[in-house]
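Spelled out, the chains give:
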Amino acid sequence: MKNYLNISHILICLALQGVGYALTKDPFIGAIAGIFFFAGREISQAEYKNIEASESKLRKDMSVFGGFNPKYWTLKAMLADLTIPSLIVITIAIILQIL
């Protein structure tokens, strides 16, 4: 069974959230920064998988939305690398907003 909890991604998201909160006193700024950082990373990894799967192995032959093709996303990428860290920082941002 694979480990679907990536601690490093959670810690980086929390660090970005902390920096955003320290600078702006808005917990959502840092949360959004962490989420977009890892969303961009996972999309680019899916793009590279898409390019490798193409016949020419060239970026120019990939479609514009090649990184969003679910065929090139793994369950680990969706859960451990993006969804779980995103849910954690959003939950913390909501709690901080309420307090």
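Scroll up for the structure.
These figures come from a predicted structure and were not determined experimentally.

About the thresholds
- Residues numbered from 1 in each chain as written.
- Predicted model: local features only at pLDDT ≥ 70, side-chain atom pairs only at ≥ 80, totals over all residues.
- Heavy atoms only, no water.
- Helix = DSSP H or I, 4+ residues; strand = E, 2+ residues; numbered from the N terminus.
- Buried < 20%, exposed > 50% of the residue type's maximum accessible area, 1.4 Å probe, protein only.
- Contact = heavy atoms within 4.5 Å.
- Salt bridge = Lys/Arg side-chain N within 4 Å of Asp/Glu carboxyl O.
- Core = buried A, V, L, I, M, F, W, Y, C linked by side-chain atoms within 4.5 Å.
- Expected span 1.5 Å × (residues − 1).
- Arc of directions from axis to C-beta.

What follows concerns the environment of Leu 79. Topologically, Leu 79 is positioned in helix 3 (residues 75-98). With a relative accessible area of 31%, Leu 79 lands in the partly exposed category. Taking the C-alpha atoms as reference points, Leu 79 and Asn 6, separated by 73 residues in sequence, lie 8.9 Å from one another. In this view, Leu 79 contacts Ile 84 and Pro 85; residues no more than four positions away in its chain are not counted.

A word on the pattern of salt bridges. In total, this model carries three salt bridges according to the counting rule given. For Arg 41, the salt bridge goes to Glu 42, with nearest N and O atoms at 2.9 Å. Measuring nitrogen to oxygen at the nearest pair gives 3.7 Å for the salt bridge that ties Glu 47 to Arg 59. In this pair, Glu 47 sits in helix 2 (residues 27-53) while Arg 59 sits in the loop between helix 2 and helix 3, placing the two residues 12 residues apart along the sequence. Accessibility expressed as a relative area gives 44% for Arg 59, which makes it partly exposed.

Ranked by size, the top nonpolar core spans 12 residues in total: Cys 13, Ala 31, Ile 35, Phe 38, Ala 39, Ala 46, Tyr 72, Trp 73, Ala 77, Leu 82, Val 89 and Ala 93. The leading source of residues in this core is helix 2, at five residues. When sequence neighbours within four positions are dropped, the list of residues in contact with Tyr 72 reads Ala 46, Lys 49, Asn 50, Ala 53 and Gly 66.

Now for helix 1 (residues 7-24). When the terminal C-alpha atoms of helix 1 are compared, their 26 Å separation across 18 residues agrees well with the 26 Å that a helix rising 1.5 Å per residue should span. Taken together, the buried positions of helix 1 are occupied by His 9, Ile 10, Cys 13, Gln 17 and Gly 20. Along helix 1, the residues classed as buried sweep out an arc of 100° about the axis, all on the same side. The outward face of helix 1, more than 90 degrees from its buried face, is lined by the exposed residues Leu 11, Ala 22 and Leu 23. On its buried face, helix 1 sits against helix 2 and helix 3. Directly after helix 1, the chain includes Lys 25, whose backbone phi takes a positive value near 60°.

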